[in-house]
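Breakdown of the fold
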Amino acid sequence: AMDPLRIFIKFACLLGICFYSTEAQKSLWLTEIVDTFKSVPGTLFLGSNITNITSITPKCWSDFQFYLAVLNNSPTPIFTNQSVPREIIYMLDADAVPPAGITSGKGFWNGDYDLCMSLKVDNKVFNYTEYTEDGIPRRDVSLRANFKAQYYRVVIHALDGIGFIEGYQNFTITFGVCAPDSCSSSDVHTMLNDGERSFDVASVENPTSGRGFIKDDPGAIVALWIISIFVAIVLAATLIDMFYITLQRKRHKRDAELYKETTTKGAKVNHAYGDSNDKHGTQATRFTTENQINGSYYTQKGDDDRKEHSVINGADNGSLKIVTSDALKDDAATNGLSNGSLKIATADVPNHKPKPYSPGVGIQIILAFSVYSNLPQLMSVDAPKGSYRQSIFTENYNFWLLPVYQGQYNNRALTNSQLAVDSFFVLSGFLGAVSFLKTLDRQGGKLRLKQMGLYFFHRFWRLTPVYMIVLMFFATLFKYTGDGPLWPVRQDQIEGCRMHWWTNLLYINNLYLPGPLCLGYTWYLANDMQFYIVAPVFLFALFKKPVVGYILTGLTFLGSIIAISVLHFQGNADYVQYYIKPYTRIGPYIIGIWLGYFIWRTKGKIKMKWWMQAIGWIFAIGFIHAAIYGNFRPLGTPFEGVPAAFYIMFKRHIFGLAVAWICLACITGYGGVVNKLMSWRVWIPLSKLTYTGYLIHPMVMYYYHYNRRQLQYMRIFPEMVFLFCAILCATIAASILVTLTFEIPVLHLEKIMFPQNKKNK
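All figures in this text were calculated on a predicted structure; none of them were measured in a lab. (Residues numbered from 1 in each chain as written. Predicted model: local features only at pLDDT ≥ 70, side-chain atom pairs only at ≥ 80, totals over all residues. Heavy atoms only, no water.)

1. Points about the packing of helix α13 (residues 449–476) against helix α14 (residues 492–505)
- Interaxial distance between α13 and α14 falls to 9 Å at its minimum, and their mutual angle equals 160°. In terms of their interaxial angle, α13 and α14 are classed as roughly antiparallel. The way α13 lies across α14 gives a crossing that is left-handed. Across the interface between the two elements, Phe-460, Thr-464, Tyr-467, Met-468, Leu-471, Phe-474, Ala-475 and Thr-476 of α13 pack against Gln-493, Ile-494, Cys-497, Arg-498, Trp-501, Asn-504 and Leu-505 of α14.
- The residue makeup of the contact of α13 with α14, split by class, is 10 nonpolar, 4 polar and 1 charged. (Axes fitted to C-alpha atoms, helices over the stretch in contact; angles between N-to-C directions. Helix = DSSP H or I, 4+ residues; strand = E, 2+ residues; numbered from the N terminus. Parallel < 35°, antiparallel > 145°, perpendicular 65-115°, else oblique. Left-handed = near helix turned anticlockwise from the far one by under 90°. Contact = heavy atoms within 4.5 Å. Nonpolar A, V, L, I, M, F, W, Y, C, P; charged D, E, K, R; others polar.)

Structure representation (structure tokens):
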């Protein structure tokens, strides 16, 4: 029996009303899909009316008949009858069913992936009696089957040609089917698409088909070996550091402190008790008062009073405390000496001042991999001298959002989150400019071949090793980390990394795209490296002839705006031709170069009156708001014409200008509370993790979202806020491990390969 809504919709269509109502057509089509699901016990029953079975694998068809026989001929009650293979009932239960809320866009019906994949019909026998149409027993049938259950993901065209949700012209439904593993994807496609009751099937996918096993994947095995070798080196270096190198450093430090104590003003040391066999020098005995007001005292060899001394409290760290028996009898029973009492300390005093601790190359290499030494450096909240402590933290959190979601004003900060990338371009241009101009100034305005070689090598070495490790992991091991109904069958980015990893190594993966993108988000690194390579041309011109430098950078800045506008007017403003190209993204980098040049010329010392500061902050806040919310319009309202053209051409550049003002204000002392927040020392350890966090955080998100068993409805609060915090914490934890294992060691190796003298430091 049909419910009143279905009756009303069908009756309205008979009267012709539905031809004028798109909503009625949508509802009618969805009604037919829901009715089809409800008309059969399980999804596979749609294939029970297929007469031409030649296209189906024989084993699949045999197992399928066992499946149908159990469901059609099982005695009731089915769950309590011991003669019924319960695995078939569980397979039916694992199938997807239409949920509530289809009209709100719920087009992914997962079913129960884990239940399906856990089932196995292990050589089960099912006996039943076959009856005629008149109910007369015809024969007894005995069927035997042996198969595992396999989950399949089926995509059907639900609404073809009419937008079910505003902005979507084709609405598809994806649902899970639990079938025998003897059935291939094409078998399931045939059963669902070619029966009397069928769907318009777009595709059938086995989420586990492309996963395989690590033992059968040479690339994954090599990657495991490489990672294991790194981990083993780190563990060995950490143990050597803890139990050998650290003890050596402490002994050297103790000798230096002892030498300093014995050579301070007022200290006198008698070397008469020297031991010629002592490798550290002579044996010295010294008297000190506990409060050390009058400096250090000493004893002369042959003092008669030494006979009356008694030892109290034994030796402590190489020193020997003694008190006179007559004067300090009351102290003899105590574990310490009161202020003013005498103390004799004996220790090995070096004959000469110890040299500063300087480990050899071998020890330096071990220390480069030691977590014991690197972790305190990583967690330190002290910034290097002369560094800029302004920090901008963003999470590259990308969603495929429905137009309905995009049309909400309070969601524009998320839908325009890609502007965060431009803040990094500004900062990169600024820091690169300041560093290069300082070096050029020290060299008297001359470019030296060695210095330029180190300039490029340092950048490559800084970014590439950990980048390639992460790429290797993604290309070989990542696909083995998860499974589920959402896990991708065709992981195009993984295939892109396997085939075209060298484009990432050369940092040209934004210019040359021979196939699927590899770690698509790393287009930023390619752009940043390309900007870094051409930056010396601009900076050298600014240093030598500022006018020429401003002309070159100005033309480049203007050219970027023109390129953006031309691509949009030509209709080529897509991801590949527009979003990732250097000529459309260099504008904010040029702004960073201008800021760096200004800070270098003024030494960061400028004076601004209150009204100048006010204007700067008003424009900065206004630019940020315009860039984020400038393209907002109510749902269904077109965004075109002159306003759209201006927004497209200038949104990244005005956002970059706002970021530059924030940096300028904070560096020159006009940042106020903003500077206090962004210069907070707590950010310093996190800032050391930002590069590895950038590289791995998309994998953290991929892992979480693709491993889900059900989709999640996303609201800013609480879902997005809580999920953001969870992924951020997971990213930080993973970044610490990657940084300590790969990034910090290779950076230390560079310092060993190219040691700096004191002048260069």
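That was the structure; now back to the text.
2. Considerations on the side chain of Gln-443
- Position of Gln-443 relative to the elements: it lies in the loop between α12 (420–442) and α13.
- Discounting chain neighbours no more than four positions away, the residues touching Gln-443 are Arg-448 and Gln-451.

3. A short note on the side chain of Thr-464
- In this structure, Thr-464 sits in helix α13.
- In this structure, Thr-464 is in contact with Leu-505 and Tyr-507, ignoring residues within four places of it in sequence.

4. Observations regarding the packing of helix α8 (residues 361–368) against helix α24 (residues 716–753)
- Running from amino to carboxyl end, α8 crosses α24 at an angle of 160°, the nearest separation of the two axes being 8 Å. For the element pair α8 / α24, the angle class is roughly antiparallel. Seen along the crossing, α8 lies across α24 with a hand that is right-handed. Residues Val-361, Gln-364, Ile-365 and Ala-368 of α8 touch α24, and the partners they reach there are Ile-744, Pro-745, His-748, Leu-749 and Ile-752.
- Tallied by class, residues from the contact of α8 with α24 come to 7 nonpolar, 2 polar and no charged.

5. Examining the confidence of the model for the chain
- For the chain, per-residue confidence averages 81 on the pLDDT scale, and residues scoring 70 or more make up 78% of the total.
- Every residue in residues 161–168 scores below 50 in pLDDT, and together they form 28 contacts with partners more than four places removed in sequence or on other chains.
- When the criterion is pLDDT under 50, residues 391–404 qualifies, and its contacts beyond four places in sequence or with other chains add up to 41 contacts. (pLDDT = per-residue confidence, 0-100.)

6. Quick word on unusual backbone geometry
- One non-glycine residue, Tyr-507, adopts positive backbone phi at about 60°.
- By secondary structure assignment, the location of Tyr-507 is in the loop between α14 and α15 (523–544).
- The phi dihedral of Lys-603 falls on the positive side, at around 60°, and the residue is not glycine.
- Position of Lys-603 relative to the elements: it lies in the loop between α18 (582–602) and α19 (610–629).
- On the basis of relative accessibility, which here comes to 56%, the residue Lys-603 falls in the exposed class. (Buried < 20%, exposed > 50% of the residue type's maximum accessible area, 1.4 Å probe, protein only.)

7. Description of the pattern of salt bridges
- Tallied over the entire structure, the rule returns 15 salt bridges.
- Its salt-bridge partner being Lys-215, residue Asp-216 comes within 3.4 Å of it at the nearest N-O pair.
- Taking the relative accessible area as the measure of exposure, Lys-215 reaches 64% and is therefore exposed.
- Among the charged side chains, a salt-bridge network with shared partners connects Asp-114, Asp-483 and Arg-709. (Salt bridge = Lys/Arg side-chain N within 4 Å of Asp/Glu carboxyl O.)

8. Here we look at the state of the cysteines
- The tally for this structure, following the rule as stated, stands at 3 disulfides.
- Sequence-ordered numbering of the bonded cysteines in the chain yields a pairing of 1-4, 2-3, 5-6.
- Unpaired in this structure, Cys-663 has its nearest cysteine sulfur neighbour in Cys-666, at a distance of 7.0 Å.
- What makes Cys-663 buried here is its relative accessible area of 4%. (Disulfide = S-S within 2.5 Å.)

9. Looking at a positive patch on the surface
- Judged by side-chain charge, Lys-438, Arg-442, Arg-601 and Lys-603 come together as a positively charged surface patch.
- Summarising the element assignment, Lys-438 is placed in helix α12. (Patch = residues over 30% accessible without salt bridge, like charges linked within 9 Å, V, L, I, M, F, W, Y side chains within 5 Å. Areas by Shrake-Rupley, 256 points an atom, 1.4 Å probe, with all protein chains shown as cover. Lys, Arg positive; Asp, Glu negative; His and termini not counted. Charge placed at Lys NZ, Arg CZ, Asp CG, Glu CD.)

10. Examining the environment of Ile-736
- Structurally, Ile-736 can be placed in helix α24.
- Residue classification places Ile-736 among the partly exposed residues on the basis of a relative accessible area of 22%.
- For the pair Ile-736 and Leu-689, spaced 47 residues apart in the sequence, the C-alpha separation amounts to 6.8 Å.
- Once residues within four sequence positions are removed from consideration, Ile-736 is found in contact with Leu-378, Met-379 and Leu-689.

11. Here we look at helix α3 (residues 58–73)
- Counted at 1.5 Å a residue, the expected span for α3 with its 16 residues is 22 Å, and the 22 Å between its end C-alpha atoms agrees.
- Within α3 the residues assigned to the buried category are Cys-60, Trp-61, Asp-63, Phe-64, Phe-66, Tyr-67, Leu-68, Ala-69, Val-70 and Leu-71. (Expected span 1.5 Å × (residues − 1).)

12. Observations concerning α14
- The end-to-end C-alpha separation of α14 is 19 Å, in line with the 20 Å expected for 14 residues at 1.5 Å each.
- Taking the largest bend as the criterion, α14 deviates by roughly 75°, centred on Met-499.
- Inspection of α14 places Ile-494, Gly-496, Cys-497, His-500, Thr-503 and Asn-504 among the buried residues, and these make up the whole buried set.
- Contacts made by the buried residues of α14 are with α13. (Bend = angle between axes of the 7 residues up to and from the residue.)

13. Some details on the packing of aromatic side chains
- The full count for this structure, using the stated rule, is 40 aromatic pairs.
- Look at Phe-425 and Tyr-524: their rings are 4.9 Å apart centre to centre, the planes differ by 40°, and that puts the pair in the tilted class. Separated by 99 residues along the polypeptide, Phe-425 in helix α12 and Tyr-524 in helix α15 bring together distant segments of the chain. Like Tyr-524, Phe-425 is buried.
- Ring geometry for Phe-460 and Tyr-507: centres 6.2 Å apart, planes at 80°, overall edge-to-face. Of this pair, Phe-460 sits in helix α13 while Tyr-507 sits in the loop between α14 and α15, placing them 47 residues apart in sequence.
- In this structure, Arg-459 is placed above the aromatic ring of Tyr-532, and the distance from its NZ or CZ to the ring centre is 4.6 Å.
- If you follow Arg-585 out to its NZ or CZ, it ends over the ring of Tyr-579, 4.7 Å from the centre. (Phe/Tyr/Trp six-rings, centres within 6.5 Å; stacked < 30°, edge-to-face > 60°. Lys NZ or Arg CZ within 6 Å of the ring centre and 35° of its normal.)

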